[in-house]
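What follows is each chain in one-letter form.
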Amino acid sequence: MYISRLIHRTHPLALQIREKEQTGIDLTSIEIGNLTLENVTSLIAEALDMDDDTVKNLATIVHKKTSGNAFFVLMFLRSLHDEELLTYNFGIMKWTWDDDTVNAMLATENVATVLINKLKRLNTRTQNVVKVASCLGAKFSLSAVAAITDNLRTSELRRLSSIEQMPPLTEDEDDNTTSNLGSSLHELQGEGLWEVESGDADICHFGHDKIQTAAFELIPLSKRDTFRGKIGNILLEKLDDDALEANLFEVVSLLNCAMNTLSDDKEERKKLAKLNHLAGMKVSRVVMGYLL
C-alpha cells in the first residue's frame, strides 16, 4: 500500500497500516492531494459567507503560502483572525481585511511560526499542558498528563521548560490542579489543537504533527532533556504496574533523553539499565508475535 512521503515510517498511521497488512487485511489507499486555488477560494467564500470573486485575492495569497494543504489553510485563516487582520465589521455586517497587510504578514510567516505564535497566546497553564503532552508523543493519555501536572506546580513547570526572565506567578496561577487541567483541555480542543479519541475519552492526539513539533519547540533547547527526564521520573513513580507496562516505551524514552543529566549514582544507572532491558524484552515479544 502507498504511504505518503509526509508520513514517516514510525508515524502511528504508518505503523497501523503495516500491522493491518501483516494480518492479511486488504487495504485500498486514496491519494487526495492538496486543495486547488478554486477549492481554497470556495472554502474561504463559504467560511466568510461571501462570493468567490470577493475573496479571490485573499484566497490566492493563502493558497500561495500553503500550497493548498487543507490543515495549513485553516491554521493561516485562524492566525489572521487571531492577529485581527481578518475581522468582522458589524457596521456593514461583513468580514473585512486588507490584502496588502495580509500579504505582508504571510510573506514573513511560515506554518511553524504561525503555530508557535498561536500556542504562545494560550494562557500559562495551557501552555504548560501542551508542552507536557508534546513530550509524550503524537497520541497520549490524559491521565498521564494529569499525573505530571498534578505533581509539578506551574512555577516548577515554567522553570523546567521556559526562559528565566518571566514575571512572578500569582498564587492562583501557580495552582496546577486537575480541575484547572480541564479548562486547559477545553481551550486546546476549542482551538483545534488536539482531539479526544472517539473510542477512549482518556486518549488524545494532536490535530497535526506540526502542532506537536511547535509545542515541543516552546521548550528551550537547553532544557528539553531535563524536562523530559522529569516527566519520565514522575510517570515511573505514579503509574501502576499495568499502566507502566502499557507505557513502558514512552517512559524509558523520556528517561533516556535525560541520561546525560544523571548523577554518578550507580543505583540510578542500574535502574535505568533495567528499564531499558525490560523495554528490549517487550520489543522482542512484539516482534515474535508478528512472526508467529
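Further up the page is the structure itself.
Residues numbered from 1 in each chain as written. Predicted model: local features only at pLDDT ≥ 70, side-chain atom pairs only at ≥ 80, totals over all residues. Heavy atoms only, no water.

Participant: So what exactly am I meant to see when it comes to the nonpolar core here?
Facilitator: Here is a general trend for soluble globular proteins: nonpolar side chains tend to be buried in one another's company. Ranked by size, the top nonpolar core spans 71 residues in total, and within it I44, L136, F140, W194, I231 and L235 carry the most contacts. By residue number, the principal contributor to this core is helix α4 (residues 70–82), which donates 7 residues. Discounting chain neighbours no more than four positions away, the residues touching I44 are V55, L58, A59, V62 and L77. (Core = buried A, V, L, I, M, F, W, Y, C linked by side-chain atoms within 4.5 Å. Buried < 20%, exposed > 50% of the residue type's maximum accessible area, 1.4 Å probe, protein only. Helix = DSSP H or I, 4+ residues; strand = E, 2+ residues; numbered from the N terminus. Contact = heavy atoms within 4.5 Å.)

Participant: Any chance you could explain the sheet that holds strand β4 (residues 194–196) here in plain terms?
Facilitator: Spatially, β3-β5-β4 is the arrangement adopted by the 3 strands of the open sheet, whose pairing is antiparallel. Only two strands of the sheet have a single partner each, and these edge strands are β3 (139–141) and β4. The average undirected angle you get between the axes of adjacent strands in this sheet is 30°. Two strands pair when backbone bridges link them, and β3 and strand β5 (residues 203–206) are joined in this way by 3 bridges, in the antiparallel orientation. Bridging across to β5, F140 finds its partner in C204. (Pairing = 2+ DSSP bridges. Axes fitted to C-alpha atoms, helices over the stretch in contact; angles between N-to-C directions.)

Participant: Would you mind going over the packing of helix α6 (residues 111–120) against helix α11 (residues 209–217) with me for this structure?
Facilitator: Helices that pack against each other are described as a pair by the angle of their axes relative to one another and the distance between those axes. It is at 9 Å that the axes of α6 and α11 come closest, and there the two elements cross at 60°. With respect to their mutual orientation, α6 and α11 come out oblique. With respect to the hand of their crossing, α6 and α11 are arranged in right-handed fashion. Contacts from V111, L115, I116 and L119 of α6 reach α11 at K210, I211, A214, A215 and E217. Looking at the contact of α6 with α11, its residues break down into 7 nonpolar, no polar and 2 charged. (Parallel < 35°, antiparallel > 145°, perpendicular 65-115°, else oblique. Left-handed = near helix turned anticlockwise from the far one by under 90°. Nonpolar A, V, L, I, M, F, W, Y, C, P; charged D, E, K, R; others polar.)

Participant: Looking at this structure, how should I read the pattern of salt bridges?
Facilitator: Pairing between side chains of opposite charge can happen when the charged atoms of each approach one another. For the coordinates displayed, the defined rule picks out 9 salt bridges. A salt bridge links K118 to E191; the nearest nitrogen and oxygen atoms lie 2.7 Å apart. Placement of K118 in helix α6 and of E191 in the loop between α10 (178–190) and β4 is noted, with a sequence separation of 73 residues between them. Using a relative accessible area of 25% as the deciding quantity, one classes E191 as partly exposed. One network of salt bridges, in which partners are shared, links R78, D82, E83, K118, R121 and E191. (Salt bridge = Lys/Arg side-chain N within 4 Å of Asp/Glu carboxyl O.)

Participant: Honestly, helix α5 (residues 99–108) in this entry has me stumped. Any pointers?
Facilitator: What sets the pattern is the α-helix's 3.6 residues per turn: residues three or four places apart point alike. Restricting attention to buried positions, one finds in α5 the residues V102, M105 and L106. Taken end-on, α5 shows its buried residues confined to a sector of 95°, consistent with a single buried face. Opposite the buried face of α5, at more than 90 degrees from it, the exposed residues are D100, A107 and T108. At its buried positions, α5 is contacted by α3 (52–66) and α4. With a side-chain oxygen lying 3.3 Å from the backbone nitrogen of D100, the N-terminal cap of α5 falls on D98. (Arc of directions from axis to C-beta. Polar contact = N/O pair within 3.5 Å; in protein donor to acceptor, adjacent residues only side chain to side chain.)

Participant: Looking at this structure, how should I read the pairing of β5?
Facilitator: Side-chain positions along a regular strand alternate between the two faces of the sheet. Here 3 bridges tie β4 to β5, and the two strands are oriented antiparallel to one another. Residue pairing across strands places V196 opposite C204, the latter belonging to β5. Once β4 ends, the chain turns through 6 residues before running back antiparallel as β5.

Participant: Is there a simple way to explain α11 in this structure?
Facilitator: For α11, the full list of buried residues reads I211, Q212, A214, A215 and F216. Against the buried residues of α11 lie α4, α6, α7 (124–136), β5 and α12 (224–238).

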